[in-house]
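Chain by chain, the residues run as shown.
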Amino acid sequence: MSAQPIMNTLQNVGLSSLTVTDYETLDIEMAELESLRIRTELMLALQRYIQERQWSPEEAARAFRQSSPRMQNLINGEISRFSMEDLIHLLTKAGLKIQLSVLTPSVL
């Protein structure tokens, strides 16, 4: 996402005095938030998968060939310990399919 739509939106709500650096920072923060949202969805899918099978962290660790502490981190929702790639790898090991959609935002 470029900074221009953000700049237009901020101008519409009276925040037009922000600098280009401020807009670039907002761009980065928005990308980080989107990454966090996606990782959260992936982690929740894994947590549901484990809960549906009523697995303990030890059982999940055996099934995913991971350490028990690693699975405990997953079950506890410690998202900062998992990259998107880690979560995709675990979902694939579970035999789950991931669908990706990229939506075009509506014009302001």
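Just so we're clear, the structure is a prediction, and the values are computed from it rather than from any experiment. (Residues numbered from 1 in each chain as written. Predicted model: local features only at pLDDT ≥ 70, side-chain atom pairs only at ≥ 80, totals over all residues. Heavy atoms only, no water.)

(A) Fine view of the overall build of the chain. Counting secondary structure elements, the chain contains five helices and zero strands. The buried share of the chain, reckoned over its 108 residues, is 24%. Sequence-distant contacts, at least 24 apart, represent 53% of the contacts inside the chain between residues at least 6 apart. Split by element, the accessible area of the chain, about 7800 Å² in all, is 54% carbon and sulfur. (Helix = DSSP H or I, 4+ residues; strand = E, 2+ residues; numbered from the N terminus. Buried < 20%, exposed > 50% of the residue type's maximum accessible area, 1.4 Å probe, protein only. Contact = heavy atoms within 4.5 Å. Areas by Shrake-Rupley, 256 points an atom, 1.4 Å probe, with all protein chains shown as cover.)

(B) Quick look at the packing of aromatic side chains. In this structure the tally under the stated criterion is three aromatic pairs. Ring centres of Trp55 and Phe64 lie 6.1 Å apart, and the angle between their planes is 80°; on these two criteria the pair is classed as edge-to-face. On the basis of relative accessible area, Trp55 is assigned to the partly exposed category, the value being 25%. Judged by relative accessible area, which is 2%, Phe64 ranks as buried. Pairwise contacts between aromatic rings join Tyr49, Trp55 and Phe64 into one cluster. We note Arg53 situated over the ring of Tyr49; from NZ or CZ to the ring centre the distance is 3.5 Å. (Phe/Tyr/Trp six-rings, centres within 6.5 Å; stacked < 30°, edge-to-face > 60°. Lys NZ or Arg CZ within 6 Å of the ring centre and 35° of its normal.)

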